[in-house]
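Fold and contact review
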Amino acid sequence: MERVSLKTSRRKEWVDITDLLGEAVARLDLSAGAALVFVPHTTAGVTVNEGADPAVAEDLEGVLCRLVPAAGPYRHAEGNSDAHAQTLLAGPSLLLPVEGGRVRLGTWQRVFFCEFDGPRAREVWVQALPLRE
Amino acid sequence: MERVSLKTSRRKEWVDITDLLGEAVARLDLSAGAALVFVPHTTAGVTVNEGADPAVAEDLEGVLCRLVPAAGPYRHAEGNSDAHAQTLLAGPSLLLPVEGGRVRLGTWQRVFFCEFDGPRAREVWVQALPLRE
Amino acid sequence: MERVSLKTSRRKEWVDITDLLGEAVARLDLSAGAALVFVPHTTAGVTVNEGADPAVAEDLEGVLCRLVPAAGPYRHAEGNSDAHAQTLLAGPSLLLPVEGGRVRLGTWQRVFFCEFDGPRAREVWVQALPLRE
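Here the structure is a predicted model, which means the values were calculated and not measured.

With 35 residues of chain B in contact, the opposing surface of chain C contributes 33 residues. Buried surface at the junction of chain B and chain C, summed over both partners, amounts to about 2,700 Å²; 63% is from carbon and sulfur atoms. Where chain B packs against chain C, one counts two salt bridges. The closest approach of N and O atoms between C:Arg75 and B:Glu58, which form a salt bridge, is 2.8 Å. Of all the secondary structure elements, the ones that give two or more residues to the side of chain B that touches chain C are β3 (33–38), β4 (44–50), α2 (54–67), α3 (81–90), β5 (93–99) and β8 (121–130) of chain B. For the side of chain B that touches chain C, the leading source of residues is α2(B), giving nine residues. Of the residues belonging to the side of chain B that touches chain C, the class tally is 21 nonpolar, six polar and eight charged.

Structure (structure tokens):
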């Protein structure tokens, strides 16, 4: 399993990690199957969405902030319950198809690491799962 | 990997693709393991939910439209930010258990392709991942 | 595939199933790869989030109840459309990384079975997917 490090620089931030994941899959030497992308944090998620227009990620961040406002009311006393709930909605993991040694995505798709409680040093774990042989 | 085509006929539409997926898994000749169902689009998702009463899918579509209204405000200028955000909430992929050559679902479960910005010609990708042998 | 049984005791309830899943993965004799966790119900989901402070799960349950109120309006006549929609948002399945025969999670992560329409007798299915060898 590959453990990829990244740093975020704002409290809420969508980071395009498509190329990082492609490099991890190459190191794992997976020719065909799927790559599990797993975020080992409880205030950050991962998803696939449009990457051509950066306004899309801004809109998605805005939707999650409107759906789960920072103000609460919440019981958890650390002041980041919005981040835990946004992680729930975005999801903590993703499975990407791999063919010909490369992650296969649709034309407009990019993979985003969704920081909900940064800035922080973060990890993404990548595990190779092979195709039936 | 199987690439299954389908056509949607409305802007928002939940299509039961359980049988289509079952046929794809049969073509992939997977006896046991899991089938990755991946939507290579950024304005459509996939999920599992109740299929016996069609009113459930209508309710789910209604919930997503109330949570993410078409009106915004959004920055993305194409007028479909609601669809991108509904894709985020529904999720872009799914992993289904396979046993005895067949996708295994609970009694009331069906797999739905969730169109959020149709009508369009769409694809669903299906990748076979084998059980430990 | 392992079929793990559990019982819930309230209508809405987050049950920490991390240890149950660890035992299932041990029985499946999976040394490295990933474990598919699949909920075969349409009114319950599964997710990963913080388990150290029980207030986090309470907050997440509260967020889902505010986002999808029981009152509706809904078409489905069984009175549990909120539970179907909360299942959509939490997600019906999860893929967890496995290394050294153990499920690998981040420091603060625990796996939660999310009951949205209990109390009921429930199942969680666990399927082993091996690492590339």
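This part covers the sheet that holds strand β7 (residues 109–115) of chain A. Residues and elements named next belong to chain A. Overall, antiparallel pairing links the three strands, which are arranged β2-β7-β4 in an open sheet. Each having just a single partner strand, β2 (13–16) and β4 (44–50) make up the two edges of the open sheet. Adjacent strand axes in the sheet meet at a mean angle of 35 degrees when their direction is disregarded. Alignment of β2 against β7, held across four bridges, turns out to be antiparallel. Bridged to Trp-14 within β7 is Cys-114.

After a rotation of 120 degrees and a shift along the axis of 0.0 Å, chain A superposes on chain C with an RMSD of 0.0 Å. When the rotation and shift are considered jointly, the pair of chain copies conforms to a three-fold rotation axis. Measuring from the rotation axis to each C-alpha of chain A, the shortest distance belongs to A:Leu89, at 3.4 Å. Take the interface residues of chain A: only 15% of them recur as interface residues in chain C, which is what a contact between different surfaces looks like.

We now examine the state of the cysteines. In this structure the tally under the stated criterion is zero disulfides over all chains. With no disulfide of its own, C:Cys65 lies closest to C:Cys114 among cysteine sulfurs, the gap being 11 Å.

Attention now moves to the packing of aromatic side chains. Taken as a whole and judged by the stated rule, the model has six aromatic pairs over all chains. In this structure, B:Arg3 is placed above the aromatic ring of B:Trp125, and the distance from its NZ or CZ to the ring centre is 4.9 Å.

On to the interface of chain A and chain C, then. Taken together, the contacts link 33 residues of chain A with 35 residues of chain C. Both faces combined, the contact of chain A with chain C buries some 2,700 Å², and carbon together with sulfur accounts for 63% of it. Of all residues in chain A, A:Phe38, A:Thr42 and A:Leu88 give up the largest surface area on contact with chain C, accounting jointly for 22% of the area buried on that side. Viewed at the interface, chain C and chain A are joined by two salt bridges. Across the contact surface, chain A and chain C share 13 residue pairs in polar contact (both at pLDDT 80 or more). Contributions of two or more residues to the side of chain A that touches chain C are made by β3 (33–38), α3 (81–90), β5 (93–99) and β8 (121–130) of chain A. Residues belonging to the side of chain A that touches chain C are distributed by class as follows: 21 nonpolar, nine polar and three charged.

Following B:Gly72, the chain continues into B:Pro73 via a peptide bond in cis, with omega recorded as 15 degrees. Residue C:Pro119 follows C:Gly118 across a cis peptide bond; omega there is -5 degrees. If you trace the backbone, C:Pro119 turns up in the loop between β7 (109–115) and β8 (121–130). The phi torsion at A:Asp29 lies on the positive side, around 60 degrees, for a residue other than glycine.

Here we come to the relation of the copies chain B and chain C. The two copies are related by a screw motion: chain B maps onto chain C through a turn of 120 degrees and a shift of 0.0 Å along the axis, at an RMSD of 0.0 Å. Taken together, the interface assignments show that only 14% of the residues at the interface of chain B recur at the interface of chain C, consistent with different surfaces on the two copies.

This paragraph deals with the pairing of strand β5 (residues 93–99) of chain C. Where a strand is regular, its side chains alternate between the two sheet faces. Residues and elements named next belong to chain C. Summarising burial for β5: six of the seven residues are buried, a large majority. Sheet topology places strand β3 (residues 33–38) next to β5; six bridges connect them, and they run antiparallel. Paired with Leu-36 across the strands is Leu-95, a residue of β5.

We now examine the side chain of A:His76. Inspection of the secondary structure assignment puts A:His76 in the loop between α2 (54–67) and α3. A polar atom in the side chain of A:His76 sits 2.6 Å from the side chain of C:Asp53. Apart from the residues lying within four places of it in its own chain, the contact partners of A:His76 are A:Ser81, A:His84, C:Glu50, C:Asp53, C:Ala55, C:Val56 and C:Asp59.

Before going further, it helps to spend a moment on the packing of α3(A) against helix α2 (residues 54–67) of chain C. At a minimum axis separation of 10 Å, α3(A) and α2(C) run at an interaxial angle of 65 degrees. The handedness of the crossing between α3(A) and α2(C) comes out as right-handed. Taken together, the residues of α2(C) that come into contact with α3(A) (itself represented by A:Ser81, A:His84, A:Ala85, A:Leu88 and A:Leu89) are C:Val56, C:Asp59, C:Leu60, C:Val63, C:Leu64 and C:Leu67.

Mapping C:Gly62 onto the fold places it in helix α2. Counting along the chain gives 61 residues from C:Gly62 to C:Met1, while the straight-line C-alpha distance between them is 33 Å.

Quick notes on the rules
- Residues numbered from 1 in each chain as written.
- Chains lettered and ligands numbered in written order.
- Predicted model: local features only at pLDDT ≥ 70, side-chain atom pairs only at ≥ 80, totals over all residues.
- Heavy atoms only, no water.
- Contact = heavy atoms within 4.5 Å.
- Buried area = accessible area lost by both parts, 1.4 Å probe.
- Salt bridge = Lys/Arg side-chain N within 4 Å of Asp/Glu carboxyl O.
- Helix = DSSP H or I, 4+ residues; strand = E, 2+ residues; numbered from the N terminus.
- Nonpolar A, V, L, I, M, F, W, Y, C, P; charged D, E, K, R; others polar.
- Pairing = 2+ DSSP bridges.
- Axes fitted to C-alpha atoms, helices over the stretch in contact; angles between N-to-C directions.
- Least-squares fit on C-alpha atoms with pLDDT ≥ 70 in both.
- Disulfide = S-S within 2.5 Å.
- Phe/Tyr/Trp six-rings, centres within 6.5 Å; stacked < 30°, edge-to-face > 60°.
- Lys NZ or Arg CZ within 6 Å of the ring centre and 35° of its normal.
- Polar contact = N/O pair within 3.5 Å; in protein donor to acceptor, adjacent residues only side chain to side chain.
- Buried < 20%, exposed > 50% of the residue type's maximum accessible area, 1.4 Å probe, protein only.
- Left-handed = near helix turned anticlockwise from the far one by under 90°.

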